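Geometric and topological summary
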Amino acid sequence: MDSPEPTAWKDSLSTLQSLIATGDTSKGGHVKIEKCCALILDGGASTNNIGEEDIPAEVRSTISTIYLRALIHLGRYTEVVDYLQKQQQSGGVNVQEEAYALYRLRRYEACRSLCASSLELNEGSTTNNNINRGLMHVYAQTLYRLGETQSADEVYFQLLSSELTDADEREDALANALANRTANYTSGSLLKFGGNTATELWLEMDEAIVEMLSSYGQSDPSNNSDGDKDLLQNYDLAYNLATYLLVSSDARSHSYVRQAKQLLGHAEKSALTILESSQEENVEGETNEEERKAKQNKQQQLAEQEAAPIRANLALANLLLGGEENETAALRAYLTCITKAVKPKNSTGMHANLLAMASNNLALLRDGKESVFDVLKRIPATSALSVSEDLVAKGSKGGNNSGGGGGGAAVVPLVGATPQQVRTALFNRALLLAKMGNVSGCSEALAVLRASLEVAYHGDEVSAAGSNGGGGGAEGSPKSKGKGKKKKNTTTDSGGDVRGVVKKDIPTAKPSSEGEAVAWNARANLIESELRRITDAGDGSKPEVIISQAISDIDTAAKRADDDASSVLDYVKSQLFLHGAVVSNKQSKPQPFIDVLGSLPSSVQSCPGTVVTLASLYGALDKDDTSRSVELLSSLGEDVAARLALTEFHMERGQYEDVIEVLESIVEKDADSTTQVEMMTATALLVKALSYTDSERAGDYAERLEIGEDIATLDGEELESMEIPRFAKKASENGGGGGGISSKVRKIIASTGGKRGSNLGERKKKNHDAILRKRAKQRDEYLATLESKGQYDPNKSQTKPDPERWIPKSQRSYNRRGRRGRHKAGAQGGGAGAGMEKDAAKLDVAARVAAAKSSVEESGKPSTANIQVSGSGAVRKGKGGKRR
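Since the structure is predicted, the reported quantities are computational estimates derived from the model, not experimental observations.

Each value, and the rule that gives it
Residues numbered from 1 in each chain as written. Predicted model: local features only at pLDDT ≥ 70, side-chain atom pairs only at ≥ 80, totals over all residues. Heavy atoms only, no water. Phe/Tyr/Trp six-rings, centres within 6.5 Å; stacked < 30°, edge-to-face > 60°. Helix = DSSP H or I, 4+ residues; strand = E, 2+ residues; numbered from the N terminus. Lys NZ or Arg CZ within 6 Å of the ring centre and 35° of its normal. Salt bridge = Lys/Arg side-chain N within 4 Å of Asp/Glu carboxyl O. Buried < 20%, exposed > 50% of the residue type's maximum accessible area, 1.4 Å probe, protein only. Axes fitted to C-alpha atoms, helices over the stretch in contact; angles between N-to-C directions. Parallel < 35°, antiparallel > 145°, perpendicular 65-115°, else oblique. Contact = heavy atoms within 4.5 Å. Nonpolar A, V, L, I, M, F, W, Y, C, P; charged D, E, K, R; others polar. Core = buried A, V, L, I, M, F, W, Y, C linked by side-chain atoms within 4.5 Å. Expected span 1.5 Å × (residues − 1). pLDDT = per-residue confidence, 0-100. Disulfide = S-S within 2.5 Å. Polar contact = N/O pair within 3.5 Å; in protein donor to acceptor, adjacent residues only side chain to side chain.

**Let's talk about the packing of aromatic side chains**
- Summed over the entire model, instances satisfying the criterion amount to 7 aromatic pairs.
- Measuring from centroid to centroid gives 4.2 Å for tyrosine 656 and tyrosine 692, while their planes differ by 10°, and the two rings are stacked. Here tyrosine 692 lies in helix α30 (residues 676-693) and tyrosine 656 lies in helix α29 (residues 656-669), a separation of 36 residues in the sequence.
- In this structure an aromatic cluster arises from ring pairing among Tyr103, Tyr108 and Tyr457.
- Cation over ring: arginine 252 sits above tyrosine 256, and NZ or CZ is 5.3 Å from the ring centre.

In structure tokens:
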């Protein structure tokens, strides 16, 4: 075989350029590019006639980059790492490809080291460099998987502080930064900031976030009619932003929760619309009906998969907003989510993590409405798998039942969960077991909770063991979930000691700071004290001692904690104080609660919820003197929300003049700086207050309320004089303007029959002639239908129905064999009627007396019916000759 010409690699290079120019991004296209690159690189290194020096270094470097990226597109990440190590190019020019391959192989520790060293070497260059920017994306995601969310937040801050010219890249970075914040959030983290500190809230102050909240967060998605103009092209960003607002709702007002609900509504609408349009594009031109249906089903599954987490968070928003209607909607959504997820062949592809969170929130919703045992079954059982492994268990069974002690099996195991989700599930399980008085189960759950606070990552060996052979695991976004093998967990001993548990079997739930870990330990101590109090166990410390020790640990940690952790410590310390007040003050007297609220940390005392509660307690303590309550409520500020809280306080006590004074200033002077919801609320309260003092002015303000046309045109006099409409039908146009009334009013009027004194719900009896006319009309329509089908001919004489069709054939008069020996007359056969008539005649006393009288009259002799028959005195023998 002739040796290749010295210019053979140039011909292969031309072929490679042609393959790239086609723009084929399919798997087959990447396979061709990979083979062509391998041919060039291997040929240039092994052919005698073509030495390695014949291929310029720049060309070889470019071809190597194309080759590695083709392998990445094909999911062959192990080959990427092996090639770079074989060429001794690890950490070199292709560091970005190597880091991404390590990330996809779940070798996060190795990826972190590589990214940190490379970024440190390139510290002098700016983040506008494409290589550095791409490496920072991988570095931030790796830190997220390792549970080092605080460090990841700093990387995202540096990345987003630079000028990112690509809008899509910036939106994706914002979405991932929000997911990172949500993953390891601890209640109370935002307590001291109040929206004014740029150090912590830099993300919420981003222009894109502010614009999204002011536009999509303030509008109702169901009322938008601009079509594609209102669609969110990057609905993942809106979803992550809404999720972060809901998770951190402990430090926010309900207005943020409402904004999150509006964002989720827009995200759901945009996701379904965009996927529906792409479905039409995919099936367009497809002639094979089976292929067309298969593509449609696949697209519908994708749409359901995208919409499922959005709907679950919409349910969480309804749950946080409260109210019977919102709770019912949340309950329906969670039940639907769980029902779809537990099917053997889940067509929606719903993640196990989503199912676990829906089950946990459903348990929260049903707490107090179901038994503790049933609620406990809804709490997901934690396992060693966390967001770092990013695995999904197969099926709905299994997982480590951290509760132990007969606590009950969970619906699904909690796998692929974030640290925040793991801590929440463990805490809820321990709390429910404490309520049940299950000492061993609660102790085990608390032991696992405390141990998980010290574990952030199990190591590359454990993480990589869960990945598949090709390394195709989790996607780059924290929202997506990969698949992997489920691991078996070692249970703890009965004493709640975790020394017998292997470290890799402990759930990873380490908080982002040491102060937050102390706060979670204090919460665990709170449950332990409650368990001691309920069970009255003699062993161990007393409940009061446990709480005192937890408060002492918080005070010690607060001295060396930063601002973020100190706010969390203040929040948990307040929880401990309030728990002690509730336990000791069983009669719910106001003064003990006032004393406790006054001793809370200043960051908690300044919260609007604390101020309003304290004002209410002062009002309950002395109903005649409300000066202290008014002073507290006035300290909330001059914003609309604070003044509305003050008016509600006055309204409860009948102080209508004070209510009118505050509300008129809002409605008349602050209309420009007030949202539509706040303005409607203020106007409605003003109308209510004026109705007690000045009905005329109340009517004037009532006209400003945006009421539906049906209700606005309803007048009392017209309602009395109008023609009574039929049920659920509009009144006639000549009925005195009754055509515009609402269906609810029509139903009420129709149910009473339009008569005074009628009971609600009683219907007027229908006319008999009207019923017959309706039946005749229906009969004619039915016969016309039969005639059109050829099943009925009106010209032919129709035979009359058999008069004996109601009795069995064997008893009919024309069936001689069946009626032989029966001697029953009549078309209906007499039946049992003849015997019944004879029995009835025997029981008819009046007939017998009349018959006896008539027989006496006919014979003329007196009746002997009343004459007693005298006995003969002889002994009568009965049967067998015995004396009777």
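**Observations regarding the pattern of salt bridges**
- Summed over all chains, the structure comprises 23 salt bridges.
- Among the salt bridges present, the one from arginine 311 reaches glutamate 268, with a minimum N-O distance of 2.8 Å. With a gap of 43 residues between them, arginine 311 in helix α14 (residues 289-321) and glutamate 268 in helix α13 (residues 254-283) connect regions that are remote in the sequence.
- A relative accessible area of 28% means that arginine 311 is categorised as partly exposed.
- Here glutamate 268 falls in the buried class, since its relative accessible area comes to 18%.
- Between aspartate 802 and arginine 812 there is a salt bridge whose closest N-O contact spans 3.4 Å. You can see aspartate 802 sitting in the loop between α35 (768-788) and α36 (833-842) and its partner arginine 812 sitting in the loop between α35 and α36, a full 10 residues away along the chain.

**Focus on unusual backbone geometry**
- Phi is positive for arginine 106, close to 60°, though the residue is something other than glycine.
- Within the element layout of this structure, arginine 106 appears in the loop between α5 (95-104) and α6 (108-121).
- The class for arginine 106 is buried, based on a relative accessible area of 1%.
- Of note, the phi angle at serine 588 is positive, near 55°, even though the residue is not glycine.
- Tracing the backbone shows serine 588 in the loop between α23 (563-584) and α24 (590-598).

**Side note on the packing of helix α21 (residues 514-535) against helix α22 (residues 543-560)**
- Closest axis-to-axis distance for the α21/α22 pair is 8 Å, and the angle between their directions is 175°. Between α21 and α22, the angle falls in the class roughly antiparallel. Mapping the contact onto sequence places Glu514, Val518, Ala522, Asn525, Leu526, Glu528, Ser529, Arg532 and Arg533 in α21 and Pro543, Ile546, Ile547, Ala550, Asp553, Ile554, Ala557 and Arg560 in α22.
- Across the contact of α21 with α22, the residue classes tally to 9 nonpolar, 2 polar and 6 charged.

**Points about the nonpolar core**
- Core analysis: the biggest nonpolar cluster contains 92 residues, and Leu16, Tyr67, Met212, Leu241 and Leu263 have the highest contact counts within it.
- Residues in contact with leucine 16, not counting those within four places in the same chain, are Ile33, Cys36, Cys37, Ile40, Ile63 and Ile66.
- Residues Ile594, Val659, Ala682 and Leu686 belong to the second largest nonpolar core, which totals 34 residues.

**A closer look at the environment of glutamate 668**
- In this structure, glutamate 668 sits in helix α29.
- As a C-alpha pair, glutamate 668 and threonine 683 span 15 residues in sequence and 10.0 Å in three-dimensional space.
- In this structure glutamate 668 touches Tyr701 and Arg704, once residues within four positions along its chain are discounted.

**A look at helix α3 (residues 57-73)**
- The end-to-end C-alpha distance of α3, which contains 17 residues, comes to 24 Å, matching closely the 24 Å that a straight helix rising 1.5 Å per residue would cover.
- Regarding α3, the residues found buried are Arg60, Ile63, Ser64, Thr65, Tyr67, Leu68, Ala70, Leu71 and Ile72.
- Phi turns positive one or two residues past the end of α3, at glycine 75, with a value near 80°.

**Points about the environment of alanine 116**
- Tracing the backbone through its elements, the reader meets alanine 116 in helix α6.
- Relative accessible area serves as the criterion here: at 30%, alanine 116 is assigned to the partly exposed category.
- In this structure the C-alpha to C-alpha distance between alanine 116 and tyrosine 139, which are 23 residues apart in sequence, comes to 7.6 Å.

**Quick notes on the confidence of the model for the chain**
- Model confidence for the chain is summarised by a mean pLDDT of 74, while 69% of its residues fall at 70 or above.
- With pLDDT under 50 throughout, residues 194-199 is counted as low confidence; its partners more than four residues away or in other chains account for 3 contacts.
- Confidence drops under a pLDDT of 50 for residues 385-411, and excluding neighbours within four residues, the segment shows 104 contacts in the predicted structure.

**Some thoughts on the state of the cysteines**
- Under the counting rule described, the total for this entry stands at 0 disulfides.
- For the unlinked cysteine cysteine 36, the closest cysteine sulfur is that of cysteine 37, found at 6.0 Å.

**A few points about the side chain of serine 603**
- Turning to its location among the elements, serine 603 is positioned in helix α25 (residues 602-605).
- Here aspartate 570 takes part through its side chain, which lies 3.2 Å from a polar atom of the side chain of serine 603.

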